[in-house]
Amino acid sequence: MRPISRLLICSLLAALPLRAQDVAPLAVFDTAWTAMSRTYFDTALVNGRWKLAYDSLRRDLGAAPSMSRVRDALRALIQVPGQSHFALIPADAIPASKSSGRAPAGAPRGTTGIVPRLAADTLIVWRVDEGSAAAAAGAKPGDAIARIDGSDVDSVRIRLQRAFRNGPREANALYLQVIGSLLDGPSGDSVEVTLRDLRGGTRTLHLERRPMQGRVSQYGNLPAMVIRASLDTTVLRVQGREVGVPIIAFSGWFPVIIQDLDRFAFSARSAPAVIIDLRGNLGGAVGIIGGFAGHFSDSSWSLGTMRGRGADLRLAANPRRATSAGERVGVISAPVAILVDGMTASASEFFAAGMQALGRARVFGEVSAGQSLPAAMLKLPSGDVLLHPIADHVDASGRRIEGRGVQPDTRTPLVRSE
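Residues numbered from 1 in each chain as written. Predicted model: local features only at pLDDT ≥ 70, side-chain atom pairs only at ≥ 80, totals over all residues. Heavy atoms only, no water.

### Re helix 8 (residues 258-267)
The α-helix winds at 3.6 residues per turn, so residues separated by three or four positions along the chain end up facing the same way. Every buried residue of helix 8 is accounted for by Asp260, Leu261, Asp262, Phe264, Ala265 and Phe266. Where the residues of helix 8 are buried, they touch strand 11 (215-217), strand 13 (229-238), strand 14 (241-250) and helix 9 (288-293). (Buried < 20%, exposed > 50% of the residue type's maximum accessible area, 1.4 Å probe, protein only. Helix = DSSP H or I, 4+ residues; strand = E, 2+ residues; numbered from the N terminus. Contact = heavy atoms within 4.5 Å.)

Spelled out as structure tokens, the structure:
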């Protein structure tokens, strides 16, 4: 399953506003309805109440409506299903990424080293990568990000939140991806970032993007991206003694890291517990989650079901009782903790919700993105982008995660601190 937010950004950044005289407003309205009515999973709704709403709105628009009226009508139309994951995002909602012109042609993906997150409504530096330009310039976790290349980040957040049916939280994962796309870019290029510390002092850093560390993935129609996977160890006190607990962290579910995930999980067979860090993991290829879940399951547990138009897809764990060399091993029976946040989305939510529903893992952190449906995006003739779901998903206990998110067993909200 494709990570929706990344796809949206590619489309949004490519969506250049068209001149008003080049756009037929009614064609925008009809194009949007055609796409939704042909793909939405509830055909009874499509052919019943939703079609009646379309006909009524279409009549009310008249023969020559303004683009503003058409946008209002579309917003009313996507309210009818009563579902999350519908959005009409104006073409001008996303600031264009600027270039200093210093990056050579074909330069690999680069990063400033700043990993952003939201603490309440404040965009902050969550992590600073070691050896990055941001680290060298003195950026610190807890700093608030005020501007990127002159764009006010709060204004970007507000414009995106207005585009989503269910308001702020539903837009947050996309917002953070947009911010990431402004911070990162071609290696060798640079970006200007204004930070505000906890005392209110501001400073502007000029940061050169340096090559990202990780495996490059080219998957489906997505642009090439760097996928990170790591295995670290933390020391915890368990039953009066200190033990080492492995932390498996990765940024996306893509084939390029399957061998890494298997290697990490096989090395954790004798660990007293395992931590799986899915914070910031926006999803990827949904077929991978069954193989990874199989490291923690001795049977083909259901991780949930995707319900599409005319077909269902059952997601199940695939028990991993042998290494790639053919050596027989048992699955991991130790306790599992899964870390999530507002950037945990798509396939990561399938995995976390499935493991939680089965009682195989406890979940810690913040409520996840609530973006667990496969969705289509369409650039309309106006340059606006329409986001609309094409399938439903329930976890192993029948709960819907879309719009609701994975609810942690223990909530630990992100806060600013020195």
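That was the structure; now back to the text.
### Things to note about unusual backbone geometry
If you check the backbone angles, aspartate 149 has positive phi at about 50° while not being a glycine. Tracing the backbone through its elements, the reader meets aspartate 149 in the loop between strand 5 (144-148) and strand 6 (151-152).

### Concerning the pattern of salt bridges
The full count for this structure, using the stated rule, is 17 salt bridges. Across the pair arginine 71 and aspartate 384 runs a salt bridge whose closest N-O atoms are separated by 2.6 Å. Within this pair, whereas arginine 71 is found in helix 4 (residues 67-77), its partner aspartate 384 is found in the loop between strand 20 (375-379) and strand 21 (385-389), the two being separated by 313 residues in sequence. One salt bridge in this structure joins arginine 75 and aspartate 72, with 3.3 Å as the shortest N-O distance. (Salt bridge = Lys/Arg side-chain N within 4 Å of Asp/Glu carboxyl O.)

### Some points on the sheet that holds strand 20
With respect to topology, three strands assemble into an open sheet ordered 1-21-20, the strand pairing being antiparallel. For this open sheet the edge positions go to strand 1 (87-89) and strand 20, each flanked by a neighbour on one side alone. Taken pair by pair, the neighbouring strands of this sheet meet at an average axis angle of 15°, ignoring direction. Note: strand 20 against strand 21, five bridges, orientation antiparallel. Bridge assignment links methionine 377 to a residue of strand 21, and that residue is leucine 387. The strands touched by helix 2 (residues 25-39) are strand 20 and strand 21; relative to strand 21, the strand with the most contacts, the crossing angle is about 15°. (Pairing = 2+ DSSP bridges. Axes fitted to C-alpha atoms, helices over the stretch in contact; angles between N-to-C directions.)

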